[in-house]
Structure formats: C-alpha cells, structure tokens
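A structural walkthrough
Okay, here's what each chain looks like letter by letter:
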Amino acid sequence: MAEGSKIFTPYRALGLVSTNIPPVVRYIQRRKENLIVTVVGNTFHTYGAAKLGLLGVGNPHENPIVAVCGDAFHIYTASGNDIYAWRRGTELKHKYVGHKASVHLMLPFGPHLIAVDKLNCLRVWDIKAESLYMQMEFQANSFQITALTHPATYLNKILLGSKQGKLQLWNLNTCKLIYTFKGWNAGVCVLEQAPAPDVIGIGLTSGKIILHNIKYDETVMELHQDWGKVTGIGFRSDEFPVMVTGSEIGHIAIWNLEEKNLISQIRDAHHGPVLGLKCLLNEPLLVTSSPDNTLKMWIFDLPDGGARLLKIRDGHSAPPLFARFHGSLGDCILSAGEDSSMRLFSTVTDIVNKNLGRASYNRKISKKKNMNLDRKVMPAIMRFTSETAQEKAWDNVAAVHRGKTVVTTWSIGAQKMGEHKLLHERFKEKDWSGVMATCLDLTICGNFVIIGYSSGHMDKYNIQSGLLRGTYGDPFAHEGSVSGLVTDGLNQYVVSGGEDMHLKWWRMKDCHFIKGLTLGESISKMSLHKDSGLLGIALEDWSIHVVDVDTKKVIRKLYGHQNQVTDLAFSPDSKWLISSSLDKTVRTWDIPSGTCVDCFLVPIPCISLTMSPVGDFLATIHTDHLGIYLWSNQACYHHLSLHPLPQNYKAPTVFLPSTCADSSQLVAKEGEEIVEVKEESQTDNDEYKSPQQISEEFVTLALLPTSRWLNLLSLDVIKKRNKPVEPPKVPKSAPFFLPTVPGLEFKFAPAEGEKDEAKSKVKSVMSFEVLTTFGKKLKNKELEEALNMLMNQGPSGVEVEIRGLDPDVGGSKEVMVQFLEMIKFALEKQYNFEAVQGYLGLFLKLHAEYILENEEVHQMCEALAGILGRSWHNLRNSMNQTLCLVSYFKNAALINY
C-alpha cells in the first residue's frame, strides 16, 4: 500500500496569517528593520515591518505551536512538550526536551531561556548547552503563573504574575524569592515594562490597567477600560507618553499617561480579541494580531493622538465554505464563507491577494454613519459563480447566502460588492417567505445568471442591469428544490437537477423545455466541464453519475463513497473526476475506464474542492479551517502509473499542507527519520513496467524525441546554419594529451607493454580496422544491444556511428551488412519503428555509392525493401481503418443530434 496519494501531494496552505498566539517583534541590526513573527498552525511566518510583506516561512512542526518568543539571534517555538530554537527561520540550532506538559509562556533571558508549562513548572534552559540550568515548581492553587517579564535594569531578576492576582519577584541567580506583591483581587493577564525605570504595566482580568512601581511597591497610576479583560499592553517609545491596551471584544484604547485619561480608541479593530499588541521601538507604529486571522499595522498620525490603519495582512476570519479557481491561468482562487466576505487569493504571491469586502444589506448607510463594523452584514455565502468575460465592464460574480432568497452580485475588477440584489417579485409575498436560493450559474458570456430556488423555481437575470429576463418552467422547473444547474459553453441550453430525481434540459434563449432524464435518486451536486460537455452529478445515495450533455445520456456510474458527496471537480482534459465526501476521502475517478484510480484520507472532511484550469493544483477547503489548501498534481511533472483500486483498498491518511512548500519536512535535528520514511515508501511505489513488445502483431514506437530521428536527413543543413561566425582560435601553447581510444566514448588507451623482439613485425590487414564500440557489437552480431546503443546517441552521434561503417574510414563490408541485419531484425520484431526508419534513411544517404558498387550489400538492401514495404502496408491499413471509424462515429453523432 502506498504511503499517500499517487497523484496529489501536499503543497502549501493559503490565507493563514495569525492565530491566538501573540506575535513577536525582533529588531535585526543587519537589516535595520523590525521583523514580525506570527504563528500559523504548526509553523510560523516572518514579516518585514517596512512593507508588511512575507519574508519567510518556518519549517513545519509535528504538533501545533503553542508559544513563541525571540531575541536577536533565535526564534523559540514550543510545540507539544518540546522547545525549538531556530536560526534564520529554517535552520534548527537547538532543541530543549524535558517538560512534562505543554509550554505556554517563554521569555529569552540573556544566555538563558525561561519556560513555564501547563503543570506550573518553571524551567530555565542554557541556550547553547541545551541543558537545564534550574527548575522551580509552583502550586497552582496558590500561585498559577499567567504572565512573566524581566524588569529593566534588574539584574538576574524576573517578575511573575498569577491567576490569583499576586506578583512575585525572583532572583534566578540565587533561586530566591525577593518580594511578593499582594495584587488587586483580580487575575494578572499581561505584564509589560514601561519606558520609566521600575514601572511595570499590569493588565488584569477585571479591566484595570495598573502602572506599578515595583521598587517601592506603589501604584503610580490606575486606569480602567470598560470592555473587560485586558489582553495586551504597549508603550510608545518615540517621546510620546502614550499607552495602548487591547480588549477581548476587539477594541483598542489609547491612553495619555501625562493627563491620565483616554485620548482615543479604535473600535472594532479586530473581529476577535486583540491578543497581540506591540509598539515598535522609536517609531509611531503599532502592530496588532487576533484569532480573526489578521495582522494589522497602525500609525499614530491623527490630530487627537489616535491611530489609523496603515497596512494589513489578512485571510478569512471564519471558515470558508466554497472556493473556485478564477480565470484561465490558474493563479487565482476565489473563496467565500462564514464571514460573508469574498476574497481572491493568489497561488504565486500573497502580495496581490484581494478582499472584495463583506456582504451587506445596505453598505451605503454603513459608510454614511462611519461605522467600522457593518451592522447590516448578510449571512454566510454558501455558493457563488464567476466568469472573466465582462470582468472590467460590470459585475462578474453572483453569490447565494444561507437561508436567503436574495442573490448578491460582486465585481472583481472593482474589488467590491455590486449594486444589484437579485430577487423576484413573487418572493416578496408572505406565501413564499421560507424560500431560499439554492444554486446558480453564470453564463460563459458574462451577461446572464440563472438562479434555482428551494421552491422549484428557476429565474434568469441580466447581471449588468439586474433585470429579470425569463423564468424556466410553468411555473415550476422542478417539483422539489433545485439542487444544481449549469449552462453549456455555447449558451444554447441550461441543465438543471432537483430533488425530484429529474435532470432537465432547457433552451437558454426562450426558456423552453427540451428533454428530461430520470435518475434513481435525488440530485445533490452538479459540476460541468464545458469544453467536453461532461456533467458530473452526485446523488443522495452517495453515488456519482457522469452525463454527456450533448447526447443526454448517462455514460458512467461511479460507486465507492461511504457518505454524502460534498463537491466535484473535473481535470482540465476531462480525463479525471475528483470528488470529496464526508467520509474524509478524496477520490480520483478515471472517466474512460469508469474506475477509481486514486484515493486518500484527510484528517478533516473536505467540503469544497476545485481543480486548476491548467491542471497543476487541486485546492481544497475543510470543515472549521480558515485556510485554502493546495495539492500539487504530480502528473504535470512525470508519468504516473495508475490502475483501478481494489474493493478492499485501505486509503492512506495524508495530512493537510502546511504554509511552507515542503510539507514532508519534519522537525528533527538530524535526518535519520526522514531517510527511513523515504526508504520504506520506495518499496511500496513499485510501478508496473510494460514489456518492450506486447504482441508481435503490434507496431511499437521508440517514443524518442523527434530531434533524435526526424532531423537525421537534414544534419548537413543544421550544421551549416549553426556554423560559427569566426574560426576557432589556436591556443598559444598546446596542452599535453594522453592517447585515447577512437570512438564517441572517451577512454584512455592502455599503456603499451614491453616490446617482444621475438614477435613478428608483420601485421594482419584486419588490425587496420578502426571500429567503435557500436561497430564491434555489430561485428559480433549483438544486434539488439547495438540498436539500444544507437538510440541513446544524439543526432550527431548517430551520424558519426553510421558514417564510420564505410570501409574507407575504418569500417568494413561485413559491418555494413550487419547494420542492415540489425534494421531487418527491428522491422521483423516491429518495435522502435520510427527510429529505425530514420537510421535506415541516413544510412542510404551516406553510403549510396558504396551500396551500388557492392553486390552483396545491394542485394541485402533489396531484401530489406520488401520487408519494409510489408511493414508500412500493414501500418497504413490500420491507420486508415481507424480514421474511417472515427469519422463515421463523429458524423453519426451529429446526425442523431
């Protein structure tokens, strides 16, 4: 059994920016730039603060990263019970093993690293030696550590905050408790060093912000934010006495420390809690992050001392539900989901990602009221359709929302939500209040959108004007809900499927019914490959039917899924149909044979998938995951040996791609484990190799590049065209050359032995033959090996070998006869047909005069001509018969249609 999928391998994930782990800001003196490190699942991203561009992606860990910190030399990540130290993001320098629980707090402390795990055990590691420097265990019921910091100018001392509200100052050098602060009857969430010496900013769960002097145990200032728990504290260090705090509901407060009051606030800065909040050193910049999958940079340049948004990197804040490749180049993926936003992701670079905004009932009112967070957000987008034909002219995307009848339009060219909301007048009545739009499709011309409803209605709208242009059916297109509909590539008809088990064809222009087809079960999903006219249909019995839209017949029935099919996608050449299901499998079906040729399991069910128009990537979306996952199609890079899978095939589990391109790389200090995995997989992926000749009745080609045999007769023209303009220059001093053996293979001549005076000095005539290895094999009648050697040569090498058969240049009549015997042997076996034709043509061209003068070679050529004529006669008859059958089937299909 294979280790994974034979066709698709994990490539990387798109749209992942941040999680609930606060980011780390590091200043790199060599770059003279701040670097921002965010955690994404089991890896981390490094952004440059200058343009907030992605600079690098760390190596993936075996488990999700639960904590991160950094200093000027390393990035420290905690994954599971282990801690890793990275240099330049990808080079693993150190590994610290010994924690018995997951680490949730870390702090670099000079040559040491402080780590606190979930068991409330504090360990201090020696960074270079990777050894444990000291260990302290705390009682969770009396002092559960929730925050820690190093007070500036306090040598060898750290300050610990607890869930109970108390603070403790420890000397790590002597391992002694110096002082205990009573606290403020609320848990400590965050500790941050203030610009003033001895002053620490303390954020509490009650919403209080305390500026406390730890030298004298006195409170300098006490502030309170009304939004609950304080999730982050930052201090500006550019000569402005400003403090910034974050909250759980996404608001940011900006405080003036001199006046001790609130000077500004950023409402709805994030759609989730502001867990990461860092002010850049000596710059009026603020960096924030949140579990809503956003990383934002704010600049303090407003008149009231507030901040405005400067740069942003974001993805979906809620799990996407539907995705499709947009355009014909395969470099853009359009997605939408639970956050009601439409986004365009690039498979090449994250810089060109676009956000089309969130769906709103009335966006104009929200903008007039200057609301940062739209209060009229529409429900989640379940499905959408897009085309590129009129992308610059008008809206080219239409979307269906959960539980809503209205359909919204979007414009990718303008990067915004459209003005039209498509809704038929009939649905404004109370009798149709529970009806919702279920499916839709945009015509290839980009002018009309067809919408199907749960009531069985189907309407056609002009997407440019938003006007109704027709209704399919009288008055219903289907008796039940319309489950899917597609339009063909020529705008001739619309194909719809419903829960009433009927598949119907409608004329696009006048909305008239053409023909119907009854299936055994209700239809749940439909996907059309417009170039070939193949329609994939998923039924409620978990089977998949393939229908030819032109002949209106079912041509394939595919069985194998053990749960509901969630999505379908065709390969660009319509050879494969890829399907996903709630049984966690992704299957690839071979349409010509009607069999499943590949299947693999994913840890989380795939709810939407799409195939690139150029066939290089498969994109998938999974339940409760924010990212879009790319899988590389190995058929684009090498030949795949695929065969039908047996009924009892156990699909292997393949983990989802990470954000870096190489997801197979594991965290390990040495590569032993990775090598072992590769060695095991080599034995499982043994491919079937076809024999050289399956049957003597078949004519087999050599499958060589055309330059190897087609251009043999034109080599003189090619050499003349490629002749250098200037003659080669003679070197000043000729180098020393060792004697070599004549031939194309570079071999040194053996050293001459001692002269034997007793031997005769008279040499045989045969000793003057200068034969290459190819000529010697012909002379020894090793015909098959000689042919294989000739096929491995390039055009120039083939010419040299065949030219060297002439007796005038070192060959012989016997070798020329054996060459013709080799051609005869290949023609009788009927393999390497095209290559043998090229070699024979070049032989006749080079040795035509010698063939006419030598009777034995001439007779051999006449005998070979008869064999060649019979071979070509059989091949020509087979080709003509095949062309006649193809022409007949093609014309017969057109007549029946």
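These numbers come from a predicted model, not from an experiment.

A few points about the packing of aromatic side chains
According to the stated counting rule, one finds 15 aromatic pairs in the structure shown. Taking 5.8 Å as the distance between ring centres and 35° as the angle between the ring planes, the aromatic pair formed by Phe-138 and Phe-143 counts as tilted. Across this residue pair, the class does not change: Phe-138 and Phe-143 are buried. Ring centres of Phe-138 and Trp-170 lie 5.6 Å apart, and the angle between their planes is 85°; on these two criteria the pair is classed as edge-to-face. Separated by 32 residues along the polypeptide, Phe-138 in the loop between strand 13 (131–137) and strand 14 (145–149) and Trp-170 in strand 16 (residues 167–171) bring together distant segments of the chain. Of the two residues, Phe-138 and Trp-170, both sit in the buried class.

Focus: the sheet that holds strand 17 (residues 176–181)
Here we have 4 strands laid out as an open sheet, ordered 14-15-16-17, and antiparallel in their pairing. Strands at the two margins of the open sheet, each flanked by one partner only, are strand 14 and strand 17. Along the sheet, successive strands turn relative to each other by an average axial angle of 25°, direction set aside. Examined bridge by bridge, strand 15 (residues 157–162) and strand 16 share 5 bridges and lie antiparallel to one another. Counterpart to Gly-161 in the pairing with strand 16 is Leu-167.

Notes on the sheet that holds strand 52 (residues 585–590)
Taken in spatial order, the 4 strands of this open sheet run 50-51-52-53, and their pairing is antiparallel. Only two strands of the sheet have a single partner each, and these edge strands are strand 50 (565–570) and strand 53 (595–601). Geometrically, the sheet is characterised by an average inter-axis angle of 20° between neighbouring strands, direction not taken into account. Of the strand pairs in this sheet, strand 50 and strand 51 (residues 576–581) are connected by 5 bridges, and their pairing is antiparallel.

A look at helix 7 (residues 813–829)
The end-to-end C-alpha distance of helix 7, which contains 17 residues, comes to 25 Å, matching closely the 24 Å that a straight helix rising 1.5 Å per residue would cover. Every buried residue of helix 7 is listed here: Val-815, Met-816, Val-817, Gln-818, Phe-819, Leu-820, Met-822, Ile-823, Ala-826 and Leu-827. Taken from the residues just after helix 7, Gln-830 is the one with a positive phi, measuring 60°.

The rules we used
- Residues numbered from 1 in each chain as written.
- Predicted model: local features only at pLDDT ≥ 70, side-chain atom pairs only at ≥ 80, totals over all residues.
- Heavy atoms only, no water.
- Phe/Tyr/Trp six-rings, centres within 6.5 Å; stacked < 30°, edge-to-face > 60°.
- Buried < 20%, exposed > 50% of the residue type's maximum accessible area, 1.4 Å probe, protein only.
- Helix = DSSP H or I, 4+ residues; strand = E, 2+ residues; numbered from the N terminus.
- Pairing = 2+ DSSP bridges.
- Axes fitted to C-alpha atoms, helices over the stretch in contact; angles between N-to-C directions.
- Expected span 1.5 Å × (residues − 1).

Limitation: the analysis is restricted to geometry and does not speak to function.
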